[in-house]
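Descriptive analysis of the structure
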Amino acid sequence: MTNNTPDISFITICYNGFKDTCELIESLQDKIHSVSYEIIVVDNASREDEAAKIQKLYPTVVAIRSNENSGFSGGNNIGIRVAKGKYIFLINNDTYIESDNISSLVERLESRPDIGGVSPKIRFAFPPQHIQFAGFTPLSPITLRNHMLGFGCPDDGTFDTPQPTPYLHGAAMMIKREVIEKAGMMPEIFFLYYEELDWSTRMTRAGYELWYDPRCTVFHKESQSTGQLSKLRTYYLTRNRLFYARRNLKGFNRLASILYQSTIAATKNSVVYLMKGRFDLAAAVFYGVNSGLFLSASDEKSSDTSDEKSSDTLDKKSTATS
């Protein structure tokens, strides 16, 4: 269902993921009938012009081709700038829905003026389809680690209670337009990882509450056992924890976290990688610490010889989704 003033603008990023993107589009078009919506696909400089292919297959979809891979935040910001909806729903292209419960998220946002954003329950798409996300715990003040509630648990009703969450999940989040106008666009400095945590922190500082609402479920094609040891992931997680600390912590916690990330955590991780013979990962930690300490952590796009170039150097299988 679409019209000129949609209730919801779905925004998804496509980066060499044409098949997944098509399956997401079809699931939204097949299932959602309770609200009006538009679908915006941002092709984040895929090898082929996937925006053109999507526009031809789905004429009602707004498909935008970006000439550079601007990362998760940059790609979403391209979509946000053209979105017409009252609510902005950022959703990974490797997800899908099985039922029309989107209106429950709208209901949550409209239940109080100070609720600014909501994430649905997220389950792994592959059997046994256990829960991936049912809310976050807060980041620890020094180590900046947290975990997802419900991760790996069966969907047996235990996590069916809506509740506030300190952060929204990057794979599926719906936000009031007015929140973006007040808190700003997604921070593009991160490129990959920690951007939704930083953005969520800015929303709460702007006076908004964030919620998890399990009445809506999104299925994510990320495997629970997916390997996590990549140069790209190691570099950006190392760098971006330092960026987050520099941007969001104050006083003693800020200093202690920066020292911990750049010395204790970096040394420990490097030793572990060296013992495994992964010299590439140890090098990624070194470069991540160097970038995290000395590059600007402002909202300006990273000057790290461009993140796109850095990501290609670190890992040829770079991705623009978190």
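Reading guide: rules and limits
- Residues numbered from 1 in each chain as written.
- Predicted model: local features only at pLDDT ≥ 70, side-chain atom pairs only at ≥ 80, totals over all residues.
- Heavy atoms only, no water.
- Helix = DSSP H or I, 4+ residues; strand = E, 2+ residues; numbered from the N terminus.
- Buried < 20%, exposed > 50% of the residue type's maximum accessible area, 1.4 Å probe, protein only.
- Contact = heavy atoms within 4.5 Å.
- Areas by Shrake-Rupley, 256 points an atom, 1.4 Å probe, with all protein chains shown as cover.
- Polar contact = N/O pair within 3.5 Å; in protein donor to acceptor, adjacent residues only side chain to side chain.
- pLDDT = per-residue confidence, 0-100.
- Expected span 1.5 Å × (residues − 1).
- Salt bridge = Lys/Arg side-chain N within 4 Å of Asp/Glu carboxyl O.
- Axes fitted to C-alpha atoms, helices over the stretch in contact; angles between N-to-C directions.
- Parallel < 35°, antiparallel > 145°, perpendicular 65-115°, else oblique.
- Left-handed = near helix turned anticlockwise from the far one by under 90°.
- Nonpolar A, V, L, I, M, F, W, Y, C, P; charged D, E, K, R; others polar.
- Core = buried A, V, L, I, M, F, W, Y, C linked by side-chain atoms within 4.5 Å.

Another aspect to go through is the overall build of the chain. Looking only at helices and strands, one finds 10 helices and 10 strands in the chain. Within the span of the chain, comprising 322 residues, buried residues form 56% of the whole. A fraction of 77% describes how many contacts in the chain between residues 6 or more apart in sequence connect residues 24 or more apart. With an accessible surface of roughly 13800 Å², the chain has 54% of that area assigned to carbon and sulfur atoms.

With that settled, consider the side chain of N248. Along the polypeptide, N248 turns up in helix α7 (residues 231-248). Accessibility expressed as a relative area gives 6% for N248, which makes it buried. One polar contact links N248 to D198, side chain to side chain, over a distance of 2.8 Å. Discounting chain neighbours no more than four positions away, the residues touching N248 are D198, T201 and R205.

With that out of the way, let us pick up the confidence of the model for the chain. Per-residue pLDDT for the chain averages 91, and the proportion of residues at 70 or more is 90%. Low pLDDT, under 50, characterises residues 302-306; the predicted model gives this stretch 10 contacts beyond four residues in sequence or across chains. Every residue in residues 308-322 is under pLDDT 50, and counting partners more than four places away or in other chains gives 41 contacts.

A few words now on unusual backbone geometry. Each neighbour pair has its own omega, and for P127 with P128 the value is 10°, a cis peptide bond. Within the secondary structure, P128 is located in the loop between β6 (115-124) and β7 (131-133). Phi angles above zero are rare outside glycine, and A45 is one such case at about 60°. Judged by its relative accessible area of 18%, A45 is buried. The phi torsion at Y193 lies on the positive side, around 75°, for a residue other than glycine. Its place among the elements puts Y193 in the loop between α5 (177-183) and α6 (195-205).

Time to look at helix α9 (residues 279-294). With 16 residues, α9 extends 23 Å from end C-alpha to end C-alpha; this agrees with the ideal 22 Å at 1.5 Å per step. Among all positions of α9, only L281, A282, A284, V285, G288, V289, S291 and G292 are buried.

Our focus in this paragraph is the pattern of salt bridges. All chains considered together, the criterion is met by 16 salt bridges. Ionic pairing is found between K221 and E23, a salt bridge with its closest N-O pair at 2.3 Å. Within this pair, whereas K221 is found in the loop between β10 (209-220) and α7, its partner E23 is found in helix α1 (residues 18-31), the two being separated by 198 residues in sequence. In this structure, the salt-bridge partner of D213 is R215, at a minimum N-O distance of 2.9 Å. Look at the salt bridges and you will find they share partners, linking K19, D20, E23 and K221 into a network.

Between α7 and helix α8 (residues 251-275), the shortest axis-to-axis distance is 9 Å and the interhelical angle comes to 165°. Considering their axes alone, α7 and α8 lie roughly antiparallel with respect to each other. The way α7 lies across α8 gives a crossing that is right-handed. Seen from α7, the contacting residues are T234, R241, L242, A245 and R246; seen from α8, they are R254, S257, I258, Q261, S262 and Y273. The residue makeup of the contact of α7 with α8, split by class, is 4 nonpolar, 4 polar and 3 charged.

The tendency in soluble globular proteins is for nonpolar side chains to be buried as a group. I8, F10, F89, M174 and Y194 are the most contacted members of the largest nonpolar core, which has 62 residues in total. Looking at this core, the element that brings in the most residues is α7, giving 8 residues. Setting aside residues up to four positions removed in sequence, I8 forms contacts with V35, S36, Y37, E38, G85, Y87, F89, I102, V106 and M174. Of all hydrophobic cores here, the second largest spans 21 residues; its members include F72, I80, I175 and V179.

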